[in-house]
Amino acid sequence: MRRPTARAYAAPAAALAALLTLVPAAQADSTDLTAAAATVIEKVPYAMDSSNQAAWWTPAATYKGRGQYTYFAFNEPGSTAATHRPAVARRDPDGVWSRLPLLDKSGQQAEFADDNGHNQPSIARDGSGRLHVFASMHADAWRYFRTEAPGGDITDHAAELPDQGVGITYPIVTTAPNGDLYLAARVGAGADRRPGKLYRWDNAAARWSVVTTFADALNRSVYPDDLAVDAAGRVHLLYEWAKAPATGFRHQLSYLRYDPSAGAFTDSAGASVTTPVTPATSDVIQDLTAGEEWSIDNAYTGPAVQSAKLTLDGSAPKIAYRYRSADSGGNFRVYYAYPSGSDWVSKTVYAGGQTAAALGITWDETDTKRIYYVTGSGTDRVFVATQSADGAWTAQSAAPGVGADRLAVRRDSDGNDVLYLPDTAHNTLYYGLR
């Protein structure tokens, strides 16, 4: 369904001027101010439900055809204040938006109960142009929708997935260079363990299969964060551990790599790993620190991990994550991590105040790593940090004049960062390009 051409976000004059002028920077290691990069901001022309907010999701996808296409999976308002209806907003290279609702078996738009932090959608486009959307699952049976062909309706295909009738949570999905998809999710709703599983969509055969249970341990629950596939087809996984059954505060952020050609898993140094890994056998990026406890108390105030994202420099993983340490004053600081030999090196990116559970990271030829984060308050809350040759981090507003309080980022094939920017206070979703 075609829609009017996208309208640029109508910000106040001062906010528009900020696109090309100095904005206050949220700093970590540097006190310099940096001119904000010219960021194109558009208001997506469809109403967004306030439940459209998460940290783990993969709600944006891009595709290069006659130009760059962008797909935003999001929650629209439902029939009541406590419900939502998943949909996809599609932006074509001419800036024209179209709306694609997710249709249930009756042909009506699917509707689900709100559950912030859980019932949010993830999307990917396969090599044949089919859109795949996973929506609104918190220990629920599969809620999976896809198109039969490019441009078709997005309909219920939940029966195609393995592990029928098993509770699924935190589905994250990405496209491999050969057009296959990889999906990671937490599977099961047991009180004493909730493992992480990896699935593959064979694009040529149009079929899903289980790769393996990649992480599992007694009295532990797995929280998938992100995944990416490098040019050689190797799958890079990022996940956290928590005390079972569930908690808002996790520990031992970990990494795992899967090589489909060998059917084998390795750590960041290339050493073989037997799956499912446990906390004791995982390649841990952020280990436990002083005072850190395994707790299912959602009022827990000690050290913990909460949200992380992954990008690749060739085949090398680069990580952004939030961690609350004993000396952080209760704030989740933002960190950058990368493998060095058999260990991980971690650097502080932002320690200037509280942050929200929302991160993004991309790898740019000029800036190298770009780390996106959201501050706990402020007029501008979405910032992007880059690192200079001397190691200092400098941050600038990534969306001047936009009150977004969550984010997701995808790098398109032209080398642009596509920003997915929900403003949950005003039920508005924004598209950004920088």
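As the structure is a computational prediction, the values presented were derived from the model and not from experiment.

With that out of the way, let us pick up the environment of Phe332. Among the secondary structure elements, Phe332 is positioned in the loop between strand E24 (316-324) and strand E25 (333-340). Here Phe332 falls in the buried class, since its relative accessible area comes to 4%. Each C-alpha atom of the pair Phe332 and Gly376 lies 9.9 Å from the other, and the pair is 44 residues apart in sequence. Apart from residues lying up to four places away in sequence, Phe332 is in contact with Phe249, Ala304, Val305, Gln306, Arg322, Tyr323, Arg324, Gly353, Gln354 and Thr355.

This part covers the nonpolar core. In this structure, Phe72, Leu198 and Phe214 are the most contacted members of the largest nonpolar core, which totals 40 residues. Ranked by residue count, the leading element in this core is strand E18 (residues 235-243), at five residues. When sequence neighbours within four positions are dropped, the list of residues in contact with Leu198 reads Tyr182, Leu183, Ala184, Val210, Val211, Thr212, Phe214, Leu227, Leu237, Tyr258 and Phe265.

Now for the confidence of the model for the protein chain. Summing up the model confidence of the protein chain, the mean pLDDT is 91 and the portion of residues at 70 or higher is 91%. Per-residue pLDDT stays below 50 along residues 1-36; that stretch engages in 88 contacts with residues further than four places along the chain or on separate chains.

Read across the sheet, four strands follow the order E23-E24-E25-E26 without closing on themselves; strand pairing throughout is antiparallel. Looking along the sheet, the strands with just one partner apiece sit at the ends: strand E23 (304-313) and strand E26 (343-350). Neighbour-to-neighbour, the strand axes of this sheet turn through a mean angle of 25°, independent of strand direction. Relative to E24, E23 runs antiparallel, the two sharing eight bridges. Opposite Ala308, over in E24, you have Tyr321 as the bridge partner.

We now examine the sheet that holds strand E27 (residues 355-364). Read across the open sheet, the four strands follow the order E27-E28-E29-E30; overall the sheet is antiparallel. Whereas interior strands pair on both sides, the edge strands pair on one side only; in this sheet they are E27 and strand E30 (393-397). On average, each strand axis in the sheet is tilted by 25° relative to the strand beside it, whichever way the strands run. Where E27 and strand E28 (residues 368-375) come together, seven bridges link them in antiparallel fashion. Across the sheet, the residue bridging to Trp363 is Lys369, located in E28.

Rules and cut-offs
- Residues numbered from 1 in each chain as written.
- Predicted model: local features only at pLDDT ≥ 70, side-chain atom pairs only at ≥ 80, totals over all residues.
- Heavy atoms only, no water.
- Helix = DSSP H or I, 4+ residues; strand = E, 2+ residues; numbered from the N terminus.
- Buried < 20%, exposed > 50% of the residue type's maximum accessible area, 1.4 Å probe, protein only.
- Contact = heavy atoms within 4.5 Å.
- Core = buried A, V, L, I, M, F, W, Y, C linked by side-chain atoms within 4.5 Å.
- pLDDT = per-residue confidence, 0-100.
- Pairing = 2+ DSSP bridges.
- Axes fitted to C-alpha atoms, helices over the stretch in contact; angles between N-to-C directions.

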